[in-house]
Amino acid sequence: MRKKIVAGNWKMNNDLAETELFLAELKKQVFPENVVVMIAPSFTNLNHAFKSLREHNVELVAQNMHQNNEGAFTGEISAKMLKSVGAKTVILGHSERRAFFNEDNAVLAEKVNTAIENEMTIIFCIGEELEDRKKGTHFELIKTQLSEGLFHVSDDAWENIIIAYEPVWAIGTGETASPAQAQEMHKFIRKTIAESYLEVIAEKISILYGGSVKPDNASEIFGQDDVDGGLIGGASLKVDSFMKIVNSF
Ligand code: PGA
């Protein structure tokens, strides 16, 4: 059985007071037993969230990290720092990092190695632009993002990898991939993993969908065979809509 996961990616939202309000509300909720719930607050609120959620079944996720373990990289955050404040999982390769911070597949491959070396779980994001889809090159692009950024890892490393397929044209736009489009791509991703690794690895890996997932479309998307949950942006900022999505399996 693959893990079902709903992860809230807060991006650059929620200061300390807003984080505290969210957490106070979240801690009153009862989570379904078969769903792993994760939240990714900003770096500055990770430790506070970790302490606050100690008795609760919510995993803490960092939104990014640097590929080096330490050194003269002003403004950057290392894997060790993240772990020391309670974040053992990190999102790598989000399309906003790729687009606004020039993270290419080569840098992401380094970040993947650093995360593995530090025994962190990775949520590895991939996704095509609208233009790729219009040109019909979206499958090829996804395959390249996987092979150049991730497919150098050992069989064992897959134990701690989660994939998030996020078509860039659906992020924050209100436009979602149709459930059929999501299923088609998730199946392709699983097949691509099976071609480079063992079939059993591909079968076990959780592949999340991200891009304008909301309470009213989550269950149809999560109902697809190869969709194992979601990476949620905007709708993860309010406990009410986040919980509706958590309860959408
Ligand atoms: P969205 O963001 O749900 O606001 O579209 C998803 C993401 O970027 O992870």
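Since the structure is predicted, the reported quantities are computational estimates derived from the model, not experimental observations.

Draft legend 1. Spotlight on the pairing of strand 6 (residues 161–165). Strand 6 sits mainly inside the fold: five of its five residues count as buried. Of the two faces of strand 6, both are covered, the one formed by Ile 161, Ile 163 and Tyr 165 as well as the one formed by Ile 162 and Ala 164. Sheet topology places strand 5 (residues 121–126) next to strand 6; five bridges connect them, and they run parallel. When the bridges of strand 6 are listed, Ile 122 appears paired with Ile 161. When strand 6 meets strand 7 (residues 207–210), the two strands line up parallel, connected through three bridges.

Draft legend 2. Summary view of the layout of surface pockets. Size it by volume and the largest pocket reaches roughly 590 Å³. In terms of lining residues, the largest pocket is bounded by 28 residues, among which Lys 3, Thr 121, Glu 159, Asn 160 and Ile 162 are the most central. A class-by-class count of the residues in the lining of the largest pocket yields 14 nonpolar, five polar and nine charged. Surrounding the second largest pocket, 16 residues form its lining, Lys 11, Met 12, Gln 63, Arg 97 and Phe 101 being those nearest its centre. Broken down by secondary-structure element, the contributors of at least two residues to the lining of the second largest pocket are helix 2 (43–52) and helix 4 (95–100). With three residues, helix 4 is the largest single contributor of residues to the lining of the second largest pocket. Here the residues of the lining of the second largest pocket sort into six nonpolar, seven polar and three charged.

Rules behind the numbers
Residues numbered from 1 in each chain as written. Predicted model: local features only at pLDDT ≥ 70, side-chain atom pairs only at ≥ 80, totals over all residues. Heavy atoms only, no water. Buried < 20%, exposed > 50% of the residue type's maximum accessible area, 1.4 Å probe, protein only. Helix = DSSP H or I, 4+ residues; strand = E, 2+ residues; numbered from the N terminus. Pairing = 2+ DSSP bridges. 1 Å grid on protein atoms, 1.4 Å probe; cavity = no way out; pocket = protein on both sides within 12 Å on 5 of 7 lines; lining within 4 Å. Points joined across faces, edges and corners; volume = space filled by probe spheres on them. Nonpolar A, V, L, I, M, F, W, Y, C, P; charged D, E, K, R; others polar.

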